[in-house]
Amino acid sequence: MLDHKILYNSIEISADYGRRDYIEAPEQAILEKLSGWLPAARMLDMGVGGGRTTKYFAPLAKQYVGADYASSMIDICRVKYPKDYAFVECDVRDMACFQPESFDFVLFSYNGLDSFSHQDRLCALREIGRVLSPGGYFAFSSHNLNWSRLPDLFRLKGPKPSEAGGLAGIHYYMRQGLKNMRLSMLNKSLFMGSLIEKLKQDERGTLYDDSLNGKVCLYYITCREQARQLAQSGFTDLSFFGKNGKETSCPGALDRSPWIYYLCRKG
Ligand SMILES: C[S@@+](CC[C@H](N)C(=O)[O-])C[C@H]1O[C@@H](n2cnc3c(N)ncnc32)[C@H](O)[C@@H]1O
């Protein structure tokens, strides 16, 4: 299977990220929550991709640096924003290029933190803590292992009415069947429902879920385990946001959200 970095560096995927310029509802909620404070903040937009979030956050911050380990993403950002902001090629797991406490706000949006192993995730959390100033904010999103519809990703779905009949219908079911078989093989499990239940007991784990065309596996985590990891890495004042942008302190309310956005502070 391919490394995430190779995929993110591909012309097709980096160009796709470069075209995106919307803001997700929870990012908007976090932006509003921090709006009074951002003008005094030095911000690091880690895993900035094609600069989707730059347009919204950078003009509000005192200083803005976008960083990504994929050079093609950084090239796109530099073309999109030739002045005012800095874009740096850097891996979140080793940010030796930044001094301790260089930033007051680190954003790692759109599940970039789910691209690597458990050990690397803990290492990334340590590095983020190191480059943040005391009391600085950290916001990120992650795949929700308790998402109620997660098992549906691996089930045979019915076709659209336009694809339902005749040969088109047969092709549809063959494609779906092959995709599900491929995911089962990659996940080394014929019974994906049981595998998800097992991961839920562990509160974290990796899955091939057909993201990035099924070429890579992604880290999934429960909200409770994420809270523990953050506490162990020295973060406090944790709040959660569902994909609809609603803030909640009740993890159960997030079961309908495929991703969870977390906002916390360096203790
Ligand atoms: C899903 S994309 C999101 C891009 C952008 N934040 C957005 O929301 O459009 C994840 C990004 O994280 C970057 N990334 C993944 N692992 C990384 C790492 N270890 N260090 C730095 N960047 C990383 C990828 O290159 C990619 O650009």
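All figures in this text were calculated on a predicted structure; none of them were measured in a lab. (Residues numbered from 1 in each chain as written. Predicted model: local features only at pLDDT ≥ 70, side-chain atom pairs only at ≥ 80, totals over all residues.)

## What about the domain arrangement of the protein?
- Along its sequence, the protein is carved into domain 1 (4–145 + 220–266) and domain 2 (150–202).
- Look at where the C-alpha atoms of domain 1 and domain 2 centre, and you get two points 31 Å apart. (Domains from an automatic or database assignment.)

## Things to note about unusual backbone geometry
- A positive phi angle, near 60°, is found at Glu 101, a position not held by glycine.
- By secondary structure assignment, the location of Glu 101 is in the loop between β3 (86–89) and β4 (103–108).
- With 15 C-beta atoms counted inside 10 Å, the residue Glu 101 sits in the partly exposed group.
- For Asp 210, which is not glycine, the phi torsion reads 80° and is therefore positive.
- Considering the arrangement of structural elements, one finds Asp 210 in the loop between β6 (204–207) and β7 (218–221). (Helix = DSSP H or I, 4+ residues; strand = E, 2+ residues; numbered from the N terminus. Buried ≥ 20, exposed ≤ 12 C-beta atoms within 10 Å, placed from the backbone.)

## A word on the nonpolar core
- Within the largest apolar cluster, 55 residues are counted, with the highest numbers of intra-cluster contacts made by Met 43, Phe 105, Val 106, Phe 138, Ala 139 and Tyr 262.
- The dominant element in this core, judged by the number of residues it contributes, is strand β10 (residues 259–266), at six residues.
- Here Phe 138 is in contact with Val 106, Ile 128, Leu 132, Phe 235, Cys 264 and Lys 266, once residues within four sequence places are set aside.
- Among the nonpolar cores identified, the runner-up in size contains eight residues, and Tyr 208, Val 216, Cys 217 and Tyr 220 belong to it. (Core = buried A, V, L, I, M, F, W, Y, C linked by C-beta atoms within 7 Å. Contact = placed C-beta atoms within 7 Å.)

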